[in-house]
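# Fold and geometry: a report
Spelled out from the first residue to the last, the chains are:
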Amino acid sequence: MTSGPHITISKPIVLVGLMGAGKSTIGRRLATTLDLQFIDSDNEIVEAAGCSIADIFETYGEAIFRDLEQRVLLRLLSGPPCVLATGGGAFIQPAIREAIQAKGISIWLKADLDILLERVSRRDTRPLLKTGDKGVILTRLMEERYPIYAQADITIDSNAGLHETVVDSIIGELSKLKATAQ
Ligand code: S3P
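For the structure given in this document, a descriptive report is provided here. Source: prediction; values computed, not measured. (Residues numbered from 1 in each chain as written. Predicted model: local features only at pLDDT ≥ 70, side-chain atom pairs only at ≥ 80, totals over all residues. Heavy atoms only, no water.)

Once that is clear, we can look at the overall build of the protein chain. The helix and strand inventory of the protein chain stands at eight helices and seven strands. In terms of overall dimensions, the protein chain is globule-like: its C-alpha atoms have a radius of gyration of 16 Å, near the 16 Å expected for 182 residues. For the protein chain, the spread of C-alpha atoms along the three principal axes comes to 45 × 35 × 25 Å. Expressed as a percentage of the 182 residues in the protein chain, the buried residues total 47%. The long-range fraction of contacts in the protein chain, counting pairs at least 24 apart against all pairs at least 6 apart in sequence, stands at 72%. If you sum the accessible surface of the protein chain, you get close to 9000 Å²; carbon and sulfur atoms cover 51% of it. Taking the average location of the 20 positive side-chain charges in the protein chain and that of its 23 negative ones, the two points are 2 Å from each other. (Helix = DSSP H or I, 4+ residues; strand = E, 2+ residues; numbered from the N terminus. Rg over C-alpha atoms; globule rule 2.2 N^0.38 Å. Buried < 20%, exposed > 50% of the residue type's maximum accessible area, 1.4 Å probe, protein only. Contact = heavy atoms within 4.5 Å. Areas by Shrake-Rupley, 256 points an atom, 1.4 Å probe, with all protein chains shown as cover. Lys, Arg positive; Asp, Glu negative; His and termini not counted. Charge placed at Lys NZ, Arg CZ, Asp CG, Glu CD.)

As structure tokens, then:
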């Protein structure tokens, strides 16, 4: 068990949601607030593979990336409490989703299309967004994935400008979840 300034966390806190939802930025700040380690599963995959996500997609294909993603996440979910930012497709994989549901607390960071678009346009490194119009691709992914992200334990509106506000909402929801779980 690790004690943060507000609440005690006994399981990995797993941030899920689409590209551009703010999983890494919010996750890093949440981890600092809760005094937990922050881990970004995409970074772990890059380290394990020794090349970038874009290179994995290009050289080996998406299926190999998904396999690596699953292995890395199953390992991290068996570790100590931490704040874990996942890639947008992780929670969509049934085996990963089941492991998150069994071993972690899932938080869906939900944002509107215009916010996602603005955030993903800052970097051009995401292979899934390189194959066509970003707005069209994100809209399709929203249709496909939102019903699945909705299975997360907590849903948080991540449109709010201030990261601090989003982190405060997460802490509020985590406290409620713990209260009802007792
Ligand atoms: C993906 C999201 C990316 C990365 C990969 C695939 C997806 O992570 O894992 O490019 O399927 O949505 P971010 O959500 O951190 O951009």
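The rest of the description comes next.
Next up on the list: the pairing of strand E6 (residues 105–110). Within E6, five of the six residues are buried, which leaves it mostly tucked inside the rest of the structure. With four bridges joining them, strand E3 (residues 13–16) and E6 adopt parallel strand pairing. Residue pairing in the sheet places Val14 in a bridge with Ser106 of E6. Looking at chain direction, E6 and strand E7 (residues 154–157) are connected through four bridges and run parallel. (Pairing = 2+ DSSP bridges.)

The pairing of strands in a sheet happens through backbone hydrogen bonds and is either parallel or antiparallel. Read from one edge of the open sheet, five strands run E4-E5-E3-E6-E7, paired in parallel fashion. The open sheet has two edge strands with one neighbour each: strand E4 (38–40) and E7. Between one strand axis and the next, the sheet turns through 25° on average, direction left out of account. (Axes fitted to C-alpha atoms, helices over the stretch in contact; angles between N-to-C directions.)

Attention now moves to helix H5 (residues 94–103). Looking at H5, one finds that the buried residues are Ile96, Arg97, Ala99 and Ile100. Along the long axis of H5, the arc covered by the buried residues comes to 165°, so they all point the same way. Turned more than 90 degrees away from the buried face of H5, the exposed residues are Glu98 and Ala102. Close packing links the buried residues of H5 with E3, helix H4 (62–77), E6 and helix H7 (134–149). (Arc of directions from axis to C-beta.)

Here the focus is the side chain of Ser158. One can find Ser158 in the loop between E7 and helix H8 (163–181). Apart from residues no more than four positions distant in its own chain, Ser158 is found in contact with Ala21, Leu109, Lys110, Ala111, Arg119 and Val166.

Bringing the packing of aromatic side chains into the picture now. Counted according to the given criterion, the structure contains four aromatic pairs. Between the aromatic rings of Tyr146 and Tyr149, the centroid separation amounts to 6.1 Å while the plane-to-plane angle is 55°, which identifies the pairing as tilted. Here the residue Tyr146 and the residue Tyr149 both occupy positions in helix H7, the gap between them amounting to three residues, near one helical turn. We note that Tyr146, like Tyr149, is buried. Taken together, the ring pairs connect Trp108, Tyr146 and Tyr149 into an aromatic cluster. (Phe/Tyr/Trp six-rings, centres within 6.5 Å; stacked < 30°, edge-to-face > 60°.)

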